[in-house]
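Overview (structure and organization)
So you can see what is in the structure, the chains are spelled out below.
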Amino acid sequence: PGGHPGLTYSTLIWMAFDWLVIYLGIAGKYMVMQGTLPASLNESEIILHVTAHLLPSGLLGLFIAGCIATAMSTVDSYSLIAASSLVYDGLHYYKKNGLTDRQLILYTRFGIVISIALSLFISFRFERIRDAWIFMASILVSALLVPLMAGFLMKHPGKRSGVYGIWVGFCT
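Residues numbered from 1 in each chain as written. Predicted model: local features only at pLDDT ≥ 70, side-chain atom pairs only at ≥ 80, totals over all residues. Heavy atoms only, no water.

We now examine the packing of aromatic side chains. Inspection of the entire model under this criterion finds 2 aromatic pairs. Both rings, one in Trp19 and one in Tyr23, keep their centres 5.5 Å apart while their planes meet at 10 degrees; by these two values the pair is stacked. Separated by 4 residues within a single helix, Trp19 and Tyr23 lie in helix H1 (residues 6-34), roughly one turn from each other. Owing to a relative accessible area of 46%, Tyr23 belongs among the partly exposed residues under this scheme. On the basis of an interplanar angle of 45 degrees and a centroid distance of 5.3 Å, the ring pair of Phe126 and Phe135 is categorised as tilted. (Phe/Tyr/Trp six-rings, centres within 6.5 Å; stacked < 30°, edge-to-face > 60°. Helix = DSSP H or I, 4+ residues; strand = E, 2+ residues; numbered from the N terminus. Buried < 20%, exposed > 50% of the residue type's maximum accessible area, 1.4 Å probe, protein only.)

Here it is in structure tokens:
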């Protein structure tokens, strides 16, 4: 009440999206049981097959364009975040005089290319996205557990102890 309704709207959209995904999954299971869709479908692909079966061609094209736009936006955001985190929090911090704005932009652009290349390399190593998620989660947990525990257990950790802790956790 009295604030910006953006959080309420986004929560309602999120709930509607989740409801729609669950509904499409249930409809897909029913369509497989009825023989409308083949039983050999992978469960991760069933929602796409249900939408392809139910939507008319114009709406199907709009749905596919929306899926592609969502993927492109996600890749763009994550690669920019990865590059800027490395450049601003890493390289810029360790240079004695820092970096100029021009160098920051140049290194961030180079970091975007590296992060996309690394992401593509990792993505082609796995057949299923679940396996990639497990791999990335294990790297994040091992890299962040050491500095987090050091922050809890040490009274005065040094400025660079977090970075060293991340590298120790990452390498183990």
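Back to the text.
Looking at the element boundaries, Gly158 is found in the loop between helix H5 (129-153) and helix H6 (161-171). We classify Gly158 as partly exposed; its relative accessible area is 44%. For the pair formed by Gly158 and Thr108, sequence separation is 50 residues and the distance between their alpha carbons is 27 Å.

Here we come to H1. In a regular helix each residue adds 1.5 Å, so 29 residues correspond to 42 Å; H1 covers 41 Å between its end C-alpha atoms and thus fits that length. Of the positions making up H1, those classed as buried are Leu24, Ala27, Gly28 and Met31. Where H1 is buried, its residues touch helix H2 (46-54). (Expected span 1.5 Å × (residues − 1). Contact = heavy atoms within 4.5 Å.)

Quick look at the environment of Gln103 now. Summarising the element assignment, Gln103 is placed in helix H4 (residues 101-123). Here Gln103 falls in the partly exposed class, since its relative accessible area comes to 30%. Considering only alpha carbons, one finds Gln103 and Ala39, 64 residues apart in sequence, at a separation of 55 Å. From its side chain, Gln103 meets the backbone nitrogen of Thr100 in a polar contact 3.0 Å long. (Polar contact = N/O pair within 3.5 Å; in protein donor to acceptor, adjacent residues only side chain to side chain.)

Its 38 residues place the ends of helix H3 (residues 57-94) 54 Å apart at the C-alpha level, agreeing with the 56 Å of an ideal helix rising 1.5 Å per residue. Along its length, H3 shows its largest kink, about 30 degrees, at Val87. Taken together, the buried positions of H3 are occupied by Leu60, Ser79, Ala83 and Val87. (Bend = angle between axes of the 7 residues up to and from the residue.)

Attention now moves to the environment of Ala65. Position of Ala65 among the secondary structure elements: in helix H3. Judged by its relative accessible area of 40%, Ala65 is partly exposed.

At their nearest, the axes of H3 and H4 sit 8 Å apart, and the two run at 130 degrees to each other. The orientation of H3 relative to H4 falls into the category oblique. Note on packing geometry: the crossing formed by H3 with H4 is right-handed. For the pair formed by H3 and H4, the contact residues are Ser79, Leu80, Ala82, Ala83, Ser84, Val87, Tyr88, Leu91 and His92 on the first element and Leu104, Tyr107, Thr108, Gly111, Ile112, Ser115 and Ile116 on the second. (Axes fitted to C-alpha atoms, helices over the stretch in contact; angles between N-to-C directions. Parallel < 35°, antiparallel > 145°, perpendicular 65-115°, else oblique. Left-handed = near helix turned anticlockwise from the far one by under 90°.)

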